[in-house]
2 protein chains.
Amino acid sequence: MTKIETLSDSSNFALGRLRALLDDGRFAADQRLPPERVLATQIGIGRRALRRALEVLEAEGRIWRHQGKGTFVGPRPVDPQTGLEELSSRTNPLEVMDVRLEIEPILARLAALRASNGDVERLLHLAEKTASSSDADGYELWDSALHRAIAEAAGNSLLLAIFDMVDRIRQDVNWQVLRERARSKDRLSRYVEQHRRVIAAISQREAHAAERAMREHLELVRQSLLTVMTRPAQPDGSLSQNDFNDTKDELRHGT
Amino acid sequence: MTKIETLSDSSNFALGRLRALLDDGRFAADQRLPPERVLATQIGIGRRALRRALEVLEAEGRIWRHQGKGTFVGPRPVDPQTGLEELSSRTNPLEVMDVRLEIEPILARLAALRASNGDVERLLHLAEKTASSSDADGYELWDSALHRAIAEAAGNSLLLAIFDMVDRIRQDVNWQVLRERARSKDRLSRYVEQHRRVIAAISQREAHAAERAMREHLELVRQSLLTVMTRPAQPDGSLSQNDFNDTKDELRHGT
DNA sequence: CACCCGAACCAATTTGCAAATGGTTTCATG
DNA sequence: CATGAAACCATTTGCAAATTGGTTCGGGTG
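Residues numbered from 1 in each chain as written. Chains lettered and ligands numbered in written order. Predicted model: local features only at pLDDT ≥ 70, side-chain atom pairs only at ≥ 80, totals over all residues. Heavy atoms only, no water.

Novice: Can you walk me through the overall build of chain A in this structure?
Specialist: When helices and strands are counted, chain A shows 12 helices and two strands. Ordered by position in the sequence, the α and β elements of chain A form the string α-α-α-β-β-α-α-α-α-α-α-α-α-α. Within the span of chain A, comprising 255 residues, buried residues form 47% of the whole. A fraction of 70% describes how many contacts in chain A between residues 6 or more apart in sequence connect residues 24 or more apart. Looking at chain A as shown, the accessible area adds up to about 13300 Å², and 50% of this sits on carbon and sulfur atoms. (Helix = DSSP H or I, 4+ residues; strand = E, 2+ residues; numbered from the N terminus. Buried < 20%, exposed > 50% of the residue type's maximum accessible area, 1.4 Å probe, protein only. Contact = heavy atoms within 4.5 Å. Areas by Shrake-Rupley, 256 points an atom, 1.4 Å probe, with all protein chains shown as cover.)

Structure follows, in structure tokens:
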């Protein structure tokens, strides 16, 4: 019923035939249709007209085609590999930061409740590494390890998998430029201090304090990211600052 | 330096040679080593001795091997497919429920702030479907669609991907038995009422109320799961109730 | 007897090639 | 100008041969 007026007579005829075939159930889901050349002769039209009809059906999601494979009934199956890449392309740094701001405070809270003494020791060791790393690259490495160690200490394999997924997205996408611009000696030292507070809360089993400390830390990271992102585009930064505050409030828990 | 005493002379010699090769950097990361047959003749030992040495290196995570592919330097790459299955085998229903209890209230809160009017309409429609579905299977279907619609309305593609990941785990693993036992007419009607409250809060843009309503809903779901899980093993349920309360408190936000 | 080596065999993978298939262009036709 | 037929390109499949790790066996050496 769609796009009939834009299609030629033959294509329209073929479209009707194909719709009938699909509705009849003669072609079950996930089944491969005959090759275009065969199907064209069966229906009695040329390949060009057939392909136009198939394009319509594909756009409707009723079939999917792939070169070399064939034409299949049903929606296009999702490949986890392409799924990740597609996700990387659809998301953006702010979204990732928002998610970190939601997830990692939870992990810090759980870590405060469930971390073993060995976990705490490891966190302290990693915090020391971040503090003593001279160059920004070294800091980045130890910082990443520290955040993951907290996620491990939370003791929930599913949440850990979620953390890893977010982390992979964060690294995969080419926002390294942003991160490079976002790190300065000043900020790094503040990060180190915030890390200390998070780990102190975890070691003292103060769940709420750990959660809040991690949220404060990530808020600063988020702010750094925002200033770096918006500075080149909008030098005065007034609008972007407003936007930042709005979004930040949205993400705060209503307490 | 490890397991030397348990290895024979030739294997030990090969181990040293291989360690030297790997440390030299002559074989970069992800590079394929020569076939075992070649490597054995190069070093001047038999395949058996070589393979024992390779086993040690593989156990240390310095190399990984696969039949037909070869031997490679570095840690074994993670396949998203096997990664998912491995995760399914490592987690358990309670862990999944804990994660839902953390994630979905966030999604409800964001949905209250960002849902379009069309989103709200869709939620209302789905809620009606769950309420009017007669059999438990139908309810399950519409319930799943409703929860995902809320996740979509939150407007964060990464969080949506996380929700889908948790949902896939929840469905993949064979805990359907539990879910079947956990659903009764009584509980379902309470769920429907809780859904109404969540959606009402979203439609009225009351973020905190939406978050709390969703948390209350999932707590009831969690409790149903727990009673079903523990009832067969411990009929009186006293210990399991304590365990439930402990874990529930751990997961509550400290306010 | 313990250990090693070589060989053979098994299982999984890669490679090379032909065939199949969707995607595209060309061309003659009415 | 659209149509249909044909030809060509790019990707995939299917198959056989070669490659490679995994395993077993037998002979040799100390």
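Novice: Please clarify how the environment of Arg170(A) should be interpreted in this entry.
Specialist: All names here are of chain A. Relative to the elements of secondary structure, Arg 170 occurs in helix H8 (residues 157–172). In this structure the C-alpha to C-alpha distance between Arg 170 and Val 96, which are 74 residues apart in sequence, comes to 6.8 Å. At 2.7 Å, the side chain of Arg 170 and the side chain of Asp 167 are in polar contact. (Polar contact = N/O pair within 3.5 Å; in protein donor to acceptor, adjacent residues only side chain to side chain.)

Novice: Explanation requested: unusual backbone geometry in the structure shown.
Specialist: One can expect most non-glycine residues to show negative phi and most peptide bonds to be in trans. The residue Arg205(A) is not glycine, and still its phi comes out positive at about 60°. When you line up the elements, Arg205(A) lands in the loop between helix H10 (185–203) and helix H11 (207–233).

Novice: Would you mind going over the side chain of Thr91(B) with me for this structure?
Specialist: Looking at the secondary structure, you find Thr91(B) in the loop between helix H4 (80–90) and helix H5 (93–114). Residue class for Thr91(B) comes out buried when judged on its relative accessible area of 7%. Of note is the side chain of Thr91(B), whose polar atom sits 2.6 Å from the side chain of Glu95(B). In this structure, Thr91(B) is in contact with Ser157(A), Leu158(A), Val96(B), Ile169(B) and Trp175(B), ignoring residues within four places of it in sequence.

Novice: In this structure, what is going on with helix H8 (residues 157–172) of chain B? I would like to understand it.
Specialist: Structural remark: α-helix, 3.6 residues per turn; residues separated by three or four positions point the same way. All names here are of chain B. Over its 16 residues, H8 runs 22 Å from end to end, which matches the ideal 22 Å to within 8%, given 1.5 Å per residue. Of all 16 residues in H8, 13 are buried; the element is thus mostly enclosed. The N-capping residue of H8, defined by a side-chain oxygen 2.9 Å from the backbone nitrogen of Leu 158, is Asn 156. (Expected span 1.5 Å × (residues − 1).)

Novice: What is the right way to read the interface of chain B and chain A from this model?
Specialist: On the chain A side, the residues contacting the 33 residues of chain B number 33 residues. Both faces combined, the contact of chain B with chain A buries some 2900 Å², and carbon together with sulfur accounts for 66% of it. The tally of links from chain B across to chain A stands at two salt bridges. As a salt-bridge pair, Arg109(B) and Glu102(A) come within 3.0 Å of each other at their nearest N and O atoms. Every element with two or more residues in the side of chain B that touches chain A is listed here: H4, H5, H8, helix H11 (207–233) and helix H12 (238–251) of chain B. (Buried area = accessible area lost by both parts, 1.4 Å probe. Salt bridge = Lys/Arg side-chain N within 4 Å of Asp/Glu carboxyl O.)

Novice: For this particular structure, what's the right way to read the pairing of strand E2 (residues 70–73) of chain A?
Specialist: Moving residue by residue along a regular strand, the side chains alternate between the two faces of the sheet. Note that strand E1 (residues 63–66) of chain A and E2(A) share four bridges and pair antiparallel. Paired with Arg65(A) across the strands is Thr71(A), a residue of E2(A). (Pairing = 2+ DSSP bridges.)

Novice: Could you clarify how one ought to interpret the relation of the copies chain B and chain A in this entry?
Specialist: In summary, the two copies of the chain are related to each other by a rotation about an axis coupled with a shift along it. Once turned by 178° and shifted 0.2 Å along the axis, chain B lies on chain A with an RMSD of 0.7 Å. In the structure described here, the two chain copies are related by an operation that fits a two-fold rotation axis. Scanning chain B for the C-alpha nearest the rotation axis identifies Ile162(B), at a separation of 3.0 Å. (Least-squares fit on C-alpha atoms with pLDDT ≥ 70 in both.)

Novice: Help me out: how do you make sense of the pattern of salt bridges in this one?
Specialist: Oppositely charged side chains can pair when the atoms bearing their charge come close. Counted according to the given criterion, the structure contains 36 salt bridges over all chains. Asp167(B) is the salt-bridge partner of Arg170(B), the closest N and O atoms lying 2.7 Å from each other. With a gap of three residues between them, Arg170(B) and Asp167(B) both fall in helix H8, about one helical turn apart. Each member of the pair, Arg170(B) as well as Asp167(B), carries the same accessibility label: buried. One network of salt bridges, with partners in common, ties together Glu36(A), Arg47(A), Arg51(A), Glu58(A), Arg65(A) and Arg76(A).

Novice: Got a minute to help me understand the layout of surface pockets in this structure?
Specialist: Vacant regions in the atomic arrangement are exposed by a probe of water-molecule size rolled over the atoms. Residue and element names in this part refer to chain B. In this structure, the second largest pocket occupies an estimated 320 Å³ of space. Along the walls of the second largest pocket sit 15 residues, with Glu 36, His 66, Gly 68, Gly 70 and Thr 71 positioned nearest its centre. Broken down by secondary-structure element, the contributors of at least two residues to the lining of the second largest pocket are helix H2 (36–43), helix H3 (47–59), strand E1 (63–66) and strand E2 (70–73). Grouping the constituent residues of the lining of the second largest pocket by class yields three nonpolar, five polar and seven charged. (1 Å grid on protein atoms, 1.4 Å probe; cavity = no way out; pocket = protein on both sides within 12 Å on 5 of 7 lines; lining within 4 Å. Points joined across faces, edges and corners; volume = space filled by probe spheres on them. Nonpolar A, V, L, I, M, F, W, Y, C, P; charged D, E, K, R; others polar.)

Novice: Quick question: what am I supposed to make of the confidence of the model for chain A here?
Specialist: A low pLDDT means the predicted coordinates there should not be read in detail. Residue and element names in this part refer to chain A. The predicted model of chain A has a mean per-residue pLDDT of 83, with 81% of residues at 70 or higher. Confidence, read as mean pLDDT per element, is least for helix H12 (residues 238–251) in chain A (40) and greatest for helix H5 (residues 93–114) (96). Below a pLDDT of 50 lies the segment residues 1–5, which in the model reaches four contacts outside its immediate sequence neighbourhood of four places, other chains included. (pLDDT = per-residue confidence, 0-100.)

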